[in-house]
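Architecture at a glance
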Amino acid sequence: MLENTLSDGNSHIHRLDPKIRILAACFLSIATALCDNLIIALGYLIIALGVTGLARLPIKALGKRLSPLFWFLLMIWIFLPLTFEGNIVFEYGWLQVSSQGILLSAKITLKSIAILLMFSSLVATMPIASLGSGLHQLKVPDKLVFLMLMTYRYIAVIQGEYTRLLRAAKFRGFKPGTNLHSYKTYAYLAGMLFVRASLRAKRVYQAMRCRGFQEKFHTLDFYPANGLNYPFLWAMILLAAGLVLIELTWI
């Protein structure tokens, strides 16, 4: 099973209804992604930091989620200012840094961190079953919800199956390399993995049918009536709409 340490909490965000958190994350992230002003992007980052503070996320777990993004942003800052055309603010030999490239890198940085913090605070703080229940309440097609849940549940099983197949191949003398034999072996492994995954899917479906599965999603997670649900949602929507209007008036 995949690790989800952010869902173990007791903050105001953790007690909100899943569908409220999903809607708030979608509204905020869409508005952030469409932003094209550096100051407004900073405003979205401040909102994201505020929501993160309300969620009381562990710093270590949050940093672990942000670390891959930081490597991506590092590549952005290395290449984009050097390749984006515009006013040159620094030049050394053939290296030319443009102000437009720096501005674009800053926008991407602020928006990327803000969106990841929003989803980490609002969506990653609920168990996968609660996420599925929230999507079901929002009328997302049942098949998509079941596909997400089953993928989450069995991706570790499929990884374990691949590990066993690869270990069996190595016991028989297989040594990976850049040759035709290695490529054919990996192709056989992939084929066997798909075959075993298909057989396991049939067995799981039959077991679910035997236990009375009627293609309806149920969850044991209970979220009692909370007076903060809709005020929080409207606050997030109004903040996002306000920043959008400010950006439009500036343009």
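Described below are features of the structure shown in this document. Because the structure is a prediction, the values reported are computed rather than measured. All chains use their own residue numbering, which begins from 1 and follows the written sequence. Predicted model: local features are reported for residues with pLDDT of at least 70 only, side-chain atom pairs are reported and counted for 80 or more only, and whole-chain, interface and lining totals are derived from all residues. As a rule here, side-chain values cover all heavy atoms of the structure and leave hydrogens and water aside.

Let's talk about the packing of aromatic side chains
Geometry of an aromatic ring pair is reported as the spacing of the ring centres plus the angle between the planes. Only centres within 6.5 Å qualify two rings of Phe, Tyr or Trp (six-membered ring in Trp) as a pair; their planes then separate them into stacked at under 30 degrees, edge-to-face at over 60, and tilted for everything else. Applying the stated criterion across every chain, the model contains one aromatic pair. Between Phe-174 and Tyr-186 the ring centres are 5.6 Å apart and the planes differ by 85°, which places this aromatic pair in the edge-to-face class. A residue pair is termed long-range when its members are at least 10 positions apart, and Phe-174 in the loop between α6 (142–171) and α7 (180–210) and Tyr-186 in helix α7 qualify at twelve residues. For the cation-ring pair, Arg-153 lies above Tyr-154, with the distance from its terminal atom to the ring centre recorded as 4.7 Å. A run of DSSP states H or I qualifies as a helix once it reaches four residues; a run of E qualifies as a strand once it reaches two. Both are numbered from the N-terminal end. Look at NZ for Lys and CZ for Arg. If either is within 6 Å of the ring centre and within 35 degrees of the ring normal, a charge sits over the ring.

Thoughts on empty space enclosed by the protein
Cavity: a set of points on a 1 Å grid over the protein atoms alone where a 1.4 Å probe fits but cannot get out. Pocket: an open set with protein on both sides within 12 Å along at least five of seven lines, its lining residues, like those of a cavity, having an atom within 4 Å of a point. Grid points are joined across faces, edges and corners, and a volume is the space filled by probe spheres set on the points. Following the criterion strictly, the structure yields one cavity of 30 Å³ or more and no others. If you add up the space inside the largest cavity, you get close to 40 Å³. Lining the largest cavity are Val-157, Ile-158, Glu-161, Leu-193, Arg-196, Ala-197 and Arg-200. When residues of the lining of the largest cavity are traced back to their parent elements, those giving at least two are α6 and α7. Element by element, the count of residues in the lining of the largest cavity is highest for α7, at four residues. The residue classification treats Ala, Val, Leu, Ile, Met, Phe, Trp, Tyr, Cys and Pro as nonpolar and Asp, Glu, Lys and Arg as charged. All others, Gly included, are polar. Broken down by class, the residue content of the lining of the largest cavity amounts to four nonpolar, no polar and three charged.

Some remarks on the pattern of salt bridges
Put simply, a salt bridge is a Lys or Arg side-chain nitrogen that is within 4 Å of an Asp or Glu carboxyl oxygen. Going through the model one piece at a time under the given rule, you end up with four salt bridges. Between Arg-196 and Glu-161 there is a salt bridge, and its shortest N-O distance comes to 2.5 Å. Remark: Glu-161 occurs in helix α6 and Arg-196 occurs in helix α7; sequence separation between them is 35 residues. Among the charged side chains, a salt-bridge network with shared partners connects Glu-161, Arg-164 and Arg-196.

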